[in-house]
Amino acid sequence: MAASALFVWEGTDKQGRRAKGEIASSNPAIAKAELRKQGITATKVRKKGAGLSFSSGKSINSADISLFTRQMATMMRAGVPLVQSFEIVADGVDKPKLRDLVLAIRSDVSAGNTFASALRKHPVYFDELFCNLVDAGEQSGSLETMLDRIASYKEKTESLKAKVRKAMTYPIAVVVVAVIVSGILLIKVVPQFQTVFSGFGAELPAFTLFVIHISEIVQKWWLLFLVAIAAAIAGFTIARRRSKPLRDAIDRTSLKMPIVGNIIEKSAVARFARTLSTTFAAGVPLVDALNSVAGATGNSVYSTAVYKVRDDVSTGQQLNFSMRSTGVFPNMVIQMVAIGEESGALDSMLDKAASYYEEQVDNAVDNLTALMEPMIMSVLGVLIGGLIIAMYLPIFQLGRVVGGGH
């Protein structure tokens, strides 16, 4: 089948009123036929220009996919047919790129493809786990239930990612603000004081001389410093993307970091439990489910552990025993898995474990935020206060000399 493209059409509706819009199709003839089915007589159908597509708004992110899944689940649960659900969702989408994606999927499905196979044509937005769950829902005849389950899974994982990002960006924000404020003071404010001090004719305090020396270096080389920092960040980002050993080393180190490491660990456990609960409840065999889970933990230490668990389970070992042998999963999760295996309610126990650890991450991030607020004030206070004291020390000394003279 030819790849879908977006066509702009003009024509008349059933009442003879002029109408226009967009439709995803493989060619203009099929587009006209699809419009005819909708009661529209198309007079013009042309391919949408590449320039329009390129400038069609912001890119699609994970939150958009999560919202799309929830809307599809809601439509299908209300009894709306699948193809019509796509059209309703597309009409309510603000992002043009997301609307194009939804219409492209609708076009594939209306042409006779399964929902899962239509999603697999867009691997950038729909990973293997998403497609496999949709596939399982279609085969079991419970697509609306499965979409609801996937939507809940996506919403919870996105919420968890947002909390971890918040925990990671807070300390970075402190450093960036401190560097920017200090840079402005050193480049703009200190030289003004330096001009005043040059007329004193007295020896300046050592602390003041030290700050002036730093200011002179920053004034001379600030552009080089900025380029070096930007190059270091870019180099690190590229190296991290290309080097798996570096990514693994970063993941291992991140787990050992104070405060933040605890948040990352709890979020990895929460993702493990949430993903395994969702896939297992969907009827995916445990070994296959663990394959999907490994990629969803977000940390190579836990991914490696999950692959080891998968290998152990495939040889007939119980899940809780193989999890314990890895040494990375908390005892509470292992015990809940053991209870779930014995009672035949593994998905339910994993869901409870996921909810517990998601709440733990939430609390840890709130505590970190509360802890960081006085820390921000302290860091900025020491930096800015130190610079101000260094600049006013000579003035204080001059005041004492003048006062002593009288």
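Residues numbered from 1 in each chain as written. Predicted model: local features only at pLDDT ≥ 70, side-chain atom pairs only at ≥ 80, totals over all residues. Heavy atoms only, no water.

### Focus on a nonpolar patch on the surface
At step 1: A cluster of nonpolar residues, Ile217, Trp221, Leu224, Phe225, Ile229 and Ile233, forms a patch on the protein surface that exposes about 580 Å² of accessible area.
At step 2: Examined against the element boundaries, Ile229 turns out to sit in helix α9 (residues 206-242).
At step 3: In this structure Ile229 comes out as partly exposed when scored by relative accessible area, which is 47%. (Patch = residues over 30% accessible without salt bridge, like charges linked within 9 Å, V, L, I, M, F, W, Y side chains within 5 Å. Areas by Shrake-Rupley, 256 points an atom, 1.4 Å probe, with all protein chains shown as cover. Salt bridge = Lys/Arg side-chain N within 4 Å of Asp/Glu carboxyl O. Helix = DSSP H or I, 4+ residues; strand = E, 2+ residues; numbered from the N terminus. Buried < 20%, exposed > 50% of the residue type's maximum accessible area, 1.4 Å probe, protein only.)

### A short note on the packing of aromatic side chains
At step 1: Using the criterion set out here, one finds seven aromatic pairs in the structure.
At step 2: Through a chain of ring-to-ring contacts, the aromatic side chains of Phe68, Phe126 and Phe130 assemble into a single cluster. (Phe/Tyr/Trp six-rings, centres within 6.5 Å; stacked < 30°, edge-to-face > 60°.)

### A look at helix α5 (residues 96-110)
Owing to its 3.6 residues per turn, the α-helix brings residues three or four apart onto one side.
At step 1: Over its 15 residues, α5 runs 21 Å from end to end, which matches the ideal 21 Å to within 8%, given 1.5 Å per residue.
At step 2: For α5, the complete set of buried residues consists of Leu98, Asp100, Leu101, Val102, Leu103, Ala104, Ile105, Arg106, Ser107, Asp108 and Val109.
At step 3: Positive phi appears at Gly112, one or two residues downstream of α5, with a value of about 110°. (Expected span 1.5 Å × (residues − 1).)

### A few points about the nonpolar core
At step 1: Within the largest apolar cluster, 78 residues are counted, with the highest numbers of intra-cluster contacts made by Phe115, Leu319 and Phe329.
At step 2: Membership of the second largest hydrophobic core comes to 12 residues, among which are Leu186, Val190, Ile212 and Ala390. (Core = buried A, V, L, I, M, F, W, Y, C linked by side-chain atoms within 4.5 Å.)

### A look at helix α3 (residues 62-77)
At step 1: Between its first and last C-alpha, α3 extends 23 Å over 16 residues, near the 22 Å set by a 1.5 Å rise per residue.
At step 2: Listing the buried residues of α3 in full gives Asp64, Ile65, Ser66, Phe68, Thr69, Met72, Ala73 and Met76.
At step 3: Looking at the buried side of α3, the elements it contacts are α4 (82-91), α5, α6 (115-120), α7 (128-140) and α8 (143-197).
At step 4: If you check the start of α3, you find a side-chain oxygen 3.1 Å away from the backbone N of Ala63, and it comes from Asn61.
At step 5: Backbone geometry just after α3 places Gly79 at a positive phi near 90°. (Contact = heavy atoms within 4.5 Å. Polar contact = N/O pair within 3.5 Å; in protein donor to acceptor, adjacent residues only side chain to side chain.)

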